[in-house]
Amino acid sequence: MPLVRISIPKGLSADIKSNISKSVHSALMQEFHIPADDYFHVIEEINKENLIYPESYLGIDHTSSMIFVQITAAQGRTFEQKKALYLQIALNISTSTAIKKEDILIVLLENNRENWSFGNGEVQHFTHI
Amino acid sequence: MPLVRISIPKGLSADIKSNISKSVHSALMQEFHIPADDYFHVIEEINKENLIYPESYLGIDHTSSMIFVQITAAQGRTFEQKKALYLQIALNISTSTAIKKEDILIVLLENNRENWSFGNGEVQHFTHI
Amino acid sequence: MPLVRISIPKGLSADIKSNISKSVHSALMQEFHIPADDYFHVIEEINKENLIYPESYLGIDHTSSMIFVQITAAQGRTFEQKKALYLQIALNISTSTAIKKEDILIVLLENNRENWSFGNGEVQHFTHI
């Protein structure tokens, strides 16, 4: 069910982009229990000067290129699941790429199941997870 | 009131882009009863390798280029209205372009009327539809 | 806490882009009381034909290039704060650039504090503003 938007600086290799995307997807599978084929991502490449973030915030230094991960998903996940998801995303990305876990912003937008159509103009998810 | 973001693969013609956008807008007019001049869209052209989706999900095959339609609108529409909207979007796009209705993902984000300013820094919609 | 997405027509100068971004940020500092280093923006440059808006809506004419400002923030701000924010954004942008206050659409998306991770895969904001 999630739709993921990953905003990255322009110029990352195809491998790095793929690893970032797979990192988020496998974390969603593991912690939000989405199926493997529920994989809908937009990778948005932004000119570096258009991706703005502070040198440091909340004691976390941003030393290399930050990336922003926006996840839109149906509501219903617990706080524990969300915490586990963020940790897993940061772990997956920072082990499969050179991006540091300090440099990953994650934001989750939640809506209702009836707010999704995955094709044919139909509401597939209204009655089940 | 809606703000629509349409994510498409790079390379579609101006006509196709226009037909997609008009398809979504006329469906919103018909089913969400927005006025004709409430027409605010961003068409985002994404390199094909950055638009990620599965070959099949929930029994729906994705055989050609998928597009993602994200609609942000004030809450208050019924489930029936939402269902009718998705169907109409899929119908309009699949009849005015070569994009198949299987290849249209739609997600609706809802907020409050007070969360909109359509110009001048004012809240135009707080007291009425 | 906010993540700001500013959609603008391609071709604005670095100075104008910077002034728009700073305008939104200083308005958020002033009216939503965010700290100076809580500054996370994506500036999205869109081909002019892909940024669609009406000539006029709700009595507001769009005479030059419109821009769309989408702010995702934790819920909890009052209607008064939101109204003040929109006014301040429009004032700041229209005084620091040639963009008219009529040509600024603002939309606010709200979520929960637990829906944010600002780095390290941790939830920094759950217990405080």
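For the structure itself, look to the data block above.
For clarity, every value in this text was computed on a predicted model and none was experimentally measured. (Residues numbered from 1 in each chain as written. Chains lettered and ligands numbered in written order. Predicted model: local features only at pLDDT ≥ 70, side-chain atom pairs only at ≥ 80, totals over all residues.)

A. Layout of the overall build of chain A. Looking only at helices and strands, chain A features two helices and eight strands. Overall, chain A shows an N-to-C arrangement of helices and strands of β-α-β-β-β-β-β-α-β-β. Taking 2.2 N^0.38 as the reference for a compact globule, 129 residues should give roughly 14 Å; the C-alpha atoms of chain A span a radius of gyration of 15 Å, in line with that estimate. With the principal axes as the frame, chain A shows a C-alpha extent of 45 × 30 × 25 Å. Taking all 129 residues of chain A together, 47% fall into the buried category. (Helix = DSSP H or I, 4+ residues; strand = E, 2+ residues; numbered from the N terminus. Rg over C-alpha atoms; globule rule 2.2 N^0.38 Å. Buried ≥ 20, exposed ≤ 12 C-beta atoms within 10 Å, placed from the backbone.)

B. Summary view of the sheet that holds strand S7 (residues 104–111) of chain B. Strand order across the open sheet formed by six strands is S8(A)-S7(B)-S6(B)-S1(B)-S2(B)-S3(C), with mixed pairing between neighbours. With one partner strand each, in any of the chains shown, strand S8 (116–117) of chain A together with strand S3 (51–52) of chain C form the two edges of the open sheet. On top of the sheet, helix H1 (residues 14–32) of chain B reaches strand S1 (3–9), strand S2 (41–46) and strand S6 (67–74) of chain B together with S3 of chain C; it is set at about 145° to S1(B), its chief contact. Helix H2 (residues 79–96) of chain B contacts S8 of chain A together with S6 and S7 of chain B of the sheet and is inclined by roughly 140° relative to S7(B). (Pairing = 2+ DSSP bridges. Contact = placed C-beta atoms within 7 Å. Axes fitted to C-alpha atoms, helices over the stretch in contact; angles between N-to-C directions.)

C. The nonpolar core, seen in detail. In this structure, Val69(A), Ile89(A), Val69(B), Ile89(B), Val69(C) and Ile89(C) are the most contacted members of the largest nonpolar core, which totals 114 residues. Residue contacts for Ile89(B): discarding those within four places in its chain leaves Gly121(A), Ser23(B), Val24(B), Ala27(B), Val69(B), Ile104(B) and Ile106(B). (Core = buried A, V, L, I, M, F, W, Y, C linked by C-beta atoms within 7 Å.)

D. Structural detail: the sheet that holds strand S1 (residues 3–9) of chain C. Ordered in space as S3(A)-S2(C)-S1(C)-S6(C)-S7(C)-S8(B), the six strands form an open sheet in which the pairing is mixed. Bordering the open sheet on either side are strand S3 (51–52) of chain A together with strand S8 (116–117) of chain B, each of which pairs with just one other strand. Judged from the two bridges that link them, S8(B) and strand S7 (residues 104–111) of chain C form a sheet pairing that is antiparallel. Residue pairing for S7(C): Ser117(B) is matched across the bridge by Ile106(C). Docked against the sheet, helix H1 (residues 14–32) of chain C engages S3 of chain A together with S1, strand S2 (41–46) and strand S6 (67–74) of chain C, running at close to 145° with respect to S1(C). Docked against the sheet, helix H2 (residues 79–96) of chain C engages S8 of chain B together with S6 and S7 of chain C, running at close to 140° with respect to S7(C).

E. Structural view of the interface of chain B and chain A. Between chain B and chain A, the contact holds 31 residues from the first and 26 residues from the second. Listed by contribution, the elements that provide at least two residues to the side of chain B that touches chain A are strand S3 (51–52), strand S4 (56–57), H2 and S7 of chain B. The biggest single contributor to the side of chain B that touches chain A is H2(B), with eight residues. Of the residues that constitute the side of chain B that touches chain A, the class distribution is 21 nonpolar, three polar and seven charged. (Nonpolar A, V, L, I, M, F, W, Y, C, P; charged D, E, K, R; others polar.)

F. Molecular detail of H1(C). Between its first and last C-alpha, H1(C) extends 26 Å over 19 residues, near the 27 Å set by a 1.5 Å rise per residue. Along H1(C), the positions that sit buried rather than exposed are Lys17(C), Ile20(C), Ser21(C), Ser23(C), Val24(C), His25(C), Ala27(C), Leu28(C) and Phe32(C). Where H1(C) is buried, its residues contact S3 of chain A together with S1, S2, S6 and H2 of chain C. Downstream of H1(C) by a residue or two, His33(C) has a phi angle that is positive, lying close to 60°. (Expected span 1.5 Å × (residues − 1).)

G. Local environment of the environment of Lys17(A). The topology assignment puts Lys17(A) in helix H1 (residues 14–32). Beyond its immediate sequence surroundings of up to four residues, Lys17(A) is in contact with Ile8(A), Leu12(A), Ile43(A) and Asn50(B).

H. Local environment of the relation of the copies chain C and chain B. Superposition record for chain C on chain B: RMSD 0.0 Å, screw rotation 120°, translation along axis 0.0 Å. Viewed as a symmetry operation, the transformation between the two copies matches a three-fold axis. For chain C, the smallest separation between a C-alpha atom and the rotation axis is recorded for Leu109(C), amounting to 4.8 Å. Of all interface residues in chain C, a mere 3% are interface residues in chain B too; the two copies therefore contact each other through different surfaces. (Least-squares fit on C-alpha atoms with pLDDT ≥ 70 in both.)

I. How the structure looks around the relation of the copies chain B and chain A. The transformation that overlays chain B on chain A combines an axial shift of 0.0 Å with a rotation of 120°, and the residual RMSD is 0.0 Å. When the interface residues of chain B are mapped onto chain A, a mere 3% of them are again interface residues, pointing to distinct binding faces.

J. Summary view of H2(C). Between its first and last C-alpha, H2(C) extends 26 Å over 18 residues, near the 26 Å set by a 1.5 Å rise per residue. Turning to H2(C), its buried residues are Lys82(C), Leu85(C), Tyr86(C), Gln88(C), Ile89(C), Ala90(C), Asn92(C) and Ile93(C). Elements in contact with the buried residues of H2(C): S8 of chain B together with H1, S6 and S7 of chain C.

K. Summary view of the interface of chain C and chain B. Taken together, the contact between chain C and chain B spans 31 residues of the former and 26 residues of the latter. Of the residues forming the side of chain C that touches chain B, the biggest block, eight residues, is contributed by H2(C). In the side of chain C that touches chain B, the residues fall into 21 nonpolar, three polar and seven charged.

L. Representation of the packing of H1(C) against H2(C) within the structure. All names here are of chain C. With their axes 8 Å apart at the nearest point, H1 and H2 run at an angle of 150° to one another. Here H1 lies roughly antiparallel to H2, going by the angle between them. Regarding H1 and H2, the two cross each other, and that crossing is right-handed. Taking contact as the criterion, the partners of Asn 19, Ile 20, Ser 23, Val 24, Ser 26, Ala 27, Leu 28, Gln 30, Glu 31 and Phe 32 in H1 are, on H2, Gln 81, Ala 84, Leu 85, Gln 88, Ile 89, Asn 92, Ile 93 and Ser 96. Looking at the contact of H1 with H2 residue by residue, the classes come out as nine nonpolar, eight polar and one charged. (Parallel < 35°, antiparallel > 145°, perpendicular 65-115°, else oblique. Left-handed = near helix turned anticlockwise from the far one by under 90°.)

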